[in-house]
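# Fold and geometry: a report
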Amino acid sequence: MLTKYSFLKISLIFLLLRKGKLSLRKIANTAYCYVAYWLKLNRSGRTPFLINFELSNNCNESCVFCRDKNGKIYDLNPGKSDGFIPKGVMKLPIYENIIRQTKDTLLMAVPYVNGEPFIYQYLDDVLRVAKECNVATILSSNGILLNEANIEKILSNDLDQIKVHVSGFTNEVHQVQHRLGNVEVIKSNLSMLARRIKERKARMIVLIDYIRYKHNTHEIEQFRDFARQHGFLFTIRPGNPRGMEDKEDIQPVVRSAAHIPCDWLWKVLTVNWNGDMLPCCDYVTWSNVKGYGTFKPAETDILKVWNGPEVVGMRKTHREHGRKTIPICSGCNRVGIEYKY
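Description of the structure in this document. This one's a predicted model, so the numbers in the text were calculated from it and none came from an experiment.

On a plain count of helices and strands, the protein chain comes out with twelve helices and ten strands. Relative to the compact-globule value of 20 Å for 341 residues, the protein chain shows a C-alpha radius of gyration of 19 Å, a close match. Residue burial in the protein chain is summarised as follows: out of 341 residues, 55% are buried. Of all intrachain contacts in the protein chain linking residues separated by at least 6 positions in sequence, the fraction that spans at least 24 positions is 72%. A total accessible area of about 15,600 Å² is found for the protein chain, and carbon and sulfur atoms account for 55% of it. The distance from the centre of the 49 positive side-chain charges to the centre of the 34 negative ones in the protein chain is 6 Å.

Here it is as structure tokens:
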């Protein structure tokens, strides 16, 4: 069954083929990760096929569901409901060392998790290293800092896809969720990006990801038209109503996945800003959870970690008991590898 992101995935695969970023080793490793998940093997591919990097968890929009008015990040661990997650910035050698260790089989690097990637001081170096290693890259941004200088960075370093998330076509609506957002700046930046892509005949997928709520449904078609006019892809996803309970309903659970082992354990790795190697991106906002250890440049062998005892132990737990015995996993109903809802 095709999902709403299937066309995006297919488009990205064909783009990477045209750019020569898909080798037989990468395809074989990705296929092995999928087969290992289907068969629930202890060992997966030589490396994950995708690695998320939390370069920095700083952000310039202060979304209601994510942070308080002072920009502090909510700790989503129910046992720490009054706490916040520490902020930090990844040291470039952590990222560079991991990319160079995995480049032969790593299909894609995703240098963002919970922060705004254009805030990161060394983003140019991050994208350059991936380009040198022929590793595909995807960014997600709120679009405010997608200015001329940053557009030059992503075009020069052959970024493959950028996703810009919005929650309204006008500032009055967009700022209900994105407290410090400015959708007029975002639209202006996106228009400039479209011009630069056309001028340079660049090959990049641009996705506008509309976060849907009751209060912004009436502006969806305006943004869809904007995307169509600029040659961008457009998707709609349900929003997180935290902090807006007086205006929004809790999104219904489409399915329960409590008994389904999580794909990410066989396919994807997340690295936090401090080098912690984690099962998925939710771990970066959930305190007091056990990951796979902390990556230390020139010391840690990521290939040994990926099929090492900590990761294999997590796979066995999911295979034998599902998600219910792990608090952070028990309430997660996502299946497959898609953008986080």
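With that out of the way, let us pick up unusual backbone geometry. At Lys-40, a residue that is not glycine, the phi angle is positive and equals roughly 55°. Turning to its location among the elements, Lys-40 is positioned in the loop between α2 (24-39) and β1 (50-53). The backbone of Lys-201 shows a phi angle near 50°, a positive value even though the residue is not glycine. Along the chain, Lys-201 turns up in the loop between α7 (183-200) and β7 (205-212). With relative accessibility at 74%, the residue Lys-201 sits in the exposed group.

Moving on, we get to the sheet that holds β1. Strand order in the open sheet formed by eight strands is β8-β7-β6-β5-β4-β1-β9-β10, with mixed pairing between adjacent strands. With one partner strand each, in any of the chains shown, β8 (233-238) and β10 (277-278) form the two edges of the open sheet. Bridge analysis of strand β6 (residues 161-166) against β7 gives six bridges, and the strand direction is parallel. Bridging from a neighbouring strand, Val-164 pairs with Ile-208 of β7.

Let us look at the layout of surface pockets. Here the idea is plain: a probe the size of a water molecule rolls over the atoms and shows the empty space left. Estimates place the volume of the second largest pocket at around 250 Å³. Taken together, 17 residues line the second largest pocket, and the ones lying closest to its centre are Asn-272, Asn-274, Asp-276, Tyr-283 and Trp-286. Its residues assigned to classes, the lining of the second largest pocket comprises nine nonpolar, seven polar and one charged.

Once that is clear, we can look at the packing of aromatic side chains. The relative placement of two aromatic rings is captured by the distance of their centres and the angle of their planes. This structure, assessed with the given rule, holds eleven aromatic pairs. Measuring from ring centre to ring centre gives 5.2 Å for Phe-169 and Phe-223, while their planes differ by 85°; the resulting arrangement is edge-to-face. With Phe-169 in the loop between β6 and α6 (171-177) and Phe-223 in helix α8 (residues 220-230), the pair connects residues that are 54 residues apart, well separated along the chain. Pair check on accessibility: Phe-169 and Phe-223 agree, each one buried. Ring-pair connections join several aromatic residues into one group, and the members of that group are Phe-169, Tyr-210, Phe-223, Phe-226 and Phe-234. The positively charged end of Lys-40 is found above the aromatic ring belonging to Tyr-37, 4.0 Å away from the centroid. Taking the ring centre of Trp-306 as reference, the NZ or CZ of Arg-315 above it sits at 4.8 Å.

The next subject is the side chain of Asn-114. With respect to the helices, strands and loops of the structure, Asn-114 is situated in the loop between β4 (108-110) and α4 (123-132). Residue classification places Asn-114 among the buried positions, given a relative accessible area of 19%. Apart from residues no more than four positions distant in its own chain, Asn-114 is found in contact with Glu-54, Asn-57, Cys-66, Arg-67, Ile-73, Val-284 and Thr-285.

Glancing now at the pattern of salt bridges. Scanning all chains against the criterion turns up 23 salt bridges. The closest approach of N and O atoms between Asp-125 and Arg-128, which form a salt bridge, is 3.3 Å. Remark: Arg-128 and Asp-125 occur in helix α4; sequence separation between them is three residues, near one turn of the helix. Look at Asp-125 and you get partly exposed, because its relative accessible area is 23%. We classify Arg-128 as partly exposed; its relative accessible area is 30%. Note that Lys-290 is salt-bridged to Glu-310, the shortest N-O span being 3.4 Å. Of this pair, Lys-290 sits in the loop between β10 and α10 (302-306) while Glu-310 sits in helix α11 (residues 309-321), and the two are 20 residues apart along the sequence. Residue classification places Lys-290 among the exposed residues on the basis of a relative accessible area of 59%. One continuous salt-bridge network, built from bridges that share partners, spans Glu-96, Arg-100, Asp-125, Arg-128 and Glu-132.

Core analysis: the biggest nonpolar cluster contains 94 residues, and Phe-53, Tyr-95, Ile-154 and Ile-162 have the highest contact counts within it. Those residues in contact with Ile-154 that sit more than four places away from it in its chain are Phe-118, Leu-127, Leu-139, Leu-146, Leu-159, Ile-162, Leu-193 and Met-204.

Right, let's talk about empty space enclosed by the protein for a bit. Counted according to the given criterion, the structure contains one cavity of 30 Å³ or more. The calculated volume of the largest cavity comes to roughly 160 Å³. Considering the residues around the largest cavity, the lining is formed by 16 residues, among which Cys-262, Cys-280, Arg-323, Cys-329 and Cys-332 are closest to the centre. Of all the secondary structure elements, the ones that give two or more residues to the lining of the largest cavity are α9 (264-267) and α12 (327-330). Among the residues forming the lining of the largest cavity, the class breakdown is ten nonpolar, two polar and four charged.

The rules we used
- Residues numbered from 1 in each chain as written.
- Predicted model: local features only at pLDDT ≥ 70, side-chain atom pairs only at ≥ 80, totals over all residues.
- Heavy atoms only, no water.
- Helix = DSSP H or I, 4+ residues; strand = E, 2+ residues; numbered from the N terminus.
- Rg over C-alpha atoms; globule rule 2.2 N^0.38 Å.
- Buried < 20%, exposed > 50% of the residue type's maximum accessible area, 1.4 Å probe, protein only.
- Contact = heavy atoms within 4.5 Å.
- Areas by Shrake-Rupley, 256 points an atom, 1.4 Å probe, with all protein chains shown as cover.
- Lys, Arg positive; Asp, Glu negative; His and termini not counted.
- Charge placed at Lys NZ, Arg CZ, Asp CG, Glu CD.
- Pairing = 2+ DSSP bridges.
- 1 Å grid on protein atoms, 1.4 Å probe; cavity = no way out; pocket = protein on both sides within 12 Å on 5 of 7 lines; lining within 4 Å.
- Points joined across faces, edges and corners; volume = space filled by probe spheres on them.
- Nonpolar A, V, L, I, M, F, W, Y, C, P; charged D, E, K, R; others polar.
- Phe/Tyr/Trp six-rings, centres within 6.5 Å; stacked < 30°, edge-to-face > 60°.
- Lys NZ or Arg CZ within 6 Å of the ring centre and 35° of its normal.
- Salt bridge = Lys/Arg side-chain N within 4 Å of Asp/Glu carboxyl O.
- Core = buried A, V, L, I, M, F, W, Y, C linked by side-chain atoms within 4.5 Å.

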